[in-house]
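# Chains, contacts and geometry: an overview
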Amino acid sequence: MAQRRHAPTARLRRLAMELRQLRERAGLSREQVAESTEINRATLYRIEMAQAKPQLRTLRALLDAYDVPATRQSELISLLKLAKEESWLQVASEGLPDQYATYIGFEQEAKAIFNYQSSFVPGLLQTESYARAAIPGGDPELPAEVVESRVAARMARQAQRDPSSALTAIIDEAVLHRVVGGPKIMREQLQRLLDGSEQPHMTLQVIPFVAGVHPGMHGSFVLLQFDHEAHDVVYIETNAADLFLESDDDLRRCRNVLERLQAMAVSPEATRDLVARVLASAK
């Protein structure tokens, strides 16, 4: 059986982008770099695409070839060491699709997460019972062991998330009324939303039915923000495939959609009142 390739982390993606930009600024092609450093051109390509972690001696050779100052070299070498650290996901990612594992890796390293959901409670705010009902509900052909693996991963995502990172969750009001897993599970989930909305660095907003048509009706998505805006990524989960959008145009459009959704949603205070009313009326 082939060994599973670990998903690239945000740090590895950043290092790959930095190396690619340094080579381009030096006016060198991959062929020229391969010739001067004796680094295989295919290896260089994989490093620049975040498909492989460079060895320390390889990184030093590339930085020397690009005439990178010593201080900057030290920063990038430190980044390589951080990229080599195993996360809980890399240790326990068996059974997770590669794209989903990649997303979770990005999520763990993001400084801010903006999640719009039109149908389900965002994964980082789901109770275990809700997740166990929602996951097979979205894909009824999933084997029971796969469902349990994904439930465990979802709970681990919540437990391992840095509480100081910002989470903004915007949901359509339909999410509050759609009964997932039965009335008891839904009441517990609504209470979890209320409790979560009171946490520091957490913002919950609901787009009410009375808002009418809004841009989020085309589908759910997540914007992950990192320390450098150029590293931001949008994640879209579909039945056919999971998509990662990173172009400037895609990021600009998604940021604009988020701004419009936040403007159309009721305030966090009004959201808590709305969730409390739905919970009080739940049977």
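In this text, all values refer to a predicted model and were calculated from it rather than measured experimentally.

### Things to note about the confidence of the model for the chain
When pLDDT is averaged along the chain, the result is 89, and 92% of the positions lie at 70 or above. Scored below 50 in pLDDT, residues 1-5 shows eight contacts in the model against residues more than four places distant or in partner chains.

### Brief notes about the packing of helix 7 (residues 98-109) against helix 9 (residues 144-160)
Direction vectors running N to C along helix 7 and helix 9 enclose 15°, while the axes themselves pass 10 Å from each other. Classified by the interaxial angle, the pair formed by helix 7 and helix 9 is roughly parallel. For the pair helix 7 and helix 9, the sense of crossing is right-handed. Contacts from Tyr 100, Tyr 103, Ile 104, Glu 107 and Gln 108 in helix 7 reach Ala 153, Arg 154, Arg 157 and Gln 160 in helix 9.

### Re the nonpolar core
If you look at the biggest cluster of nonpolar residues, it comprises 37 residues, and the most contacted ones within it are Leu 176, Leu 190, Leu 193 and Leu 224. Leave out the neighbours within four places in its chain, and Leu 224 touches Tyr 103, Phe 106, Glu 107, Ala 110, Ala 112, Ile 113, Asp 232 and Val 233. Judged by nonpolar contacts, the second largest core, of 16 residues, contains Ile 47, Tyr 66, Leu 76 and Leu 80.

### Considering the packing of aromatic side chains
Enumeration over the complete set of coordinates arrives at five aromatic pairs. Residues Tyr 103 and Tyr 235 carry aromatic rings whose centres are separated by 4.2 Å and whose planes lie at 20° to one another, so their mutual orientation is stacked. Of the two residues, Tyr 103 is situated in helix 7 and Tyr 235 in strand 5 (residues 233-237); the sequence distance between them amounts to 132 residues. The buried category is assigned to Tyr 103, whose relative accessible area is 4%.

Criteria and cut-off values
Residues numbered from 1 in each chain as written. Predicted model: local features only at pLDDT ≥ 70, side-chain atom pairs only at ≥ 80, totals over all residues. Heavy atoms only, no water. pLDDT = per-residue confidence, 0-100. Contact = heavy atoms within 4.5 Å. Axes fitted to C-alpha atoms, helices over the stretch in contact; angles between N-to-C directions. Helix = DSSP H or I, 4+ residues; strand = E, 2+ residues; numbered from the N terminus. Parallel < 35°, antiparallel > 145°, perpendicular 65-115°, else oblique. Left-handed = near helix turned anticlockwise from the far one by under 90°. Core = buried A, V, L, I, M, F, W, Y, C linked by side-chain atoms within 4.5 Å. Buried < 20%, exposed > 50% of the residue type's maximum accessible area, 1.4 Å probe, protein only. Phe/Tyr/Trp six-rings, centres within 6.5 Å; stacked < 30°, edge-to-face > 60°.

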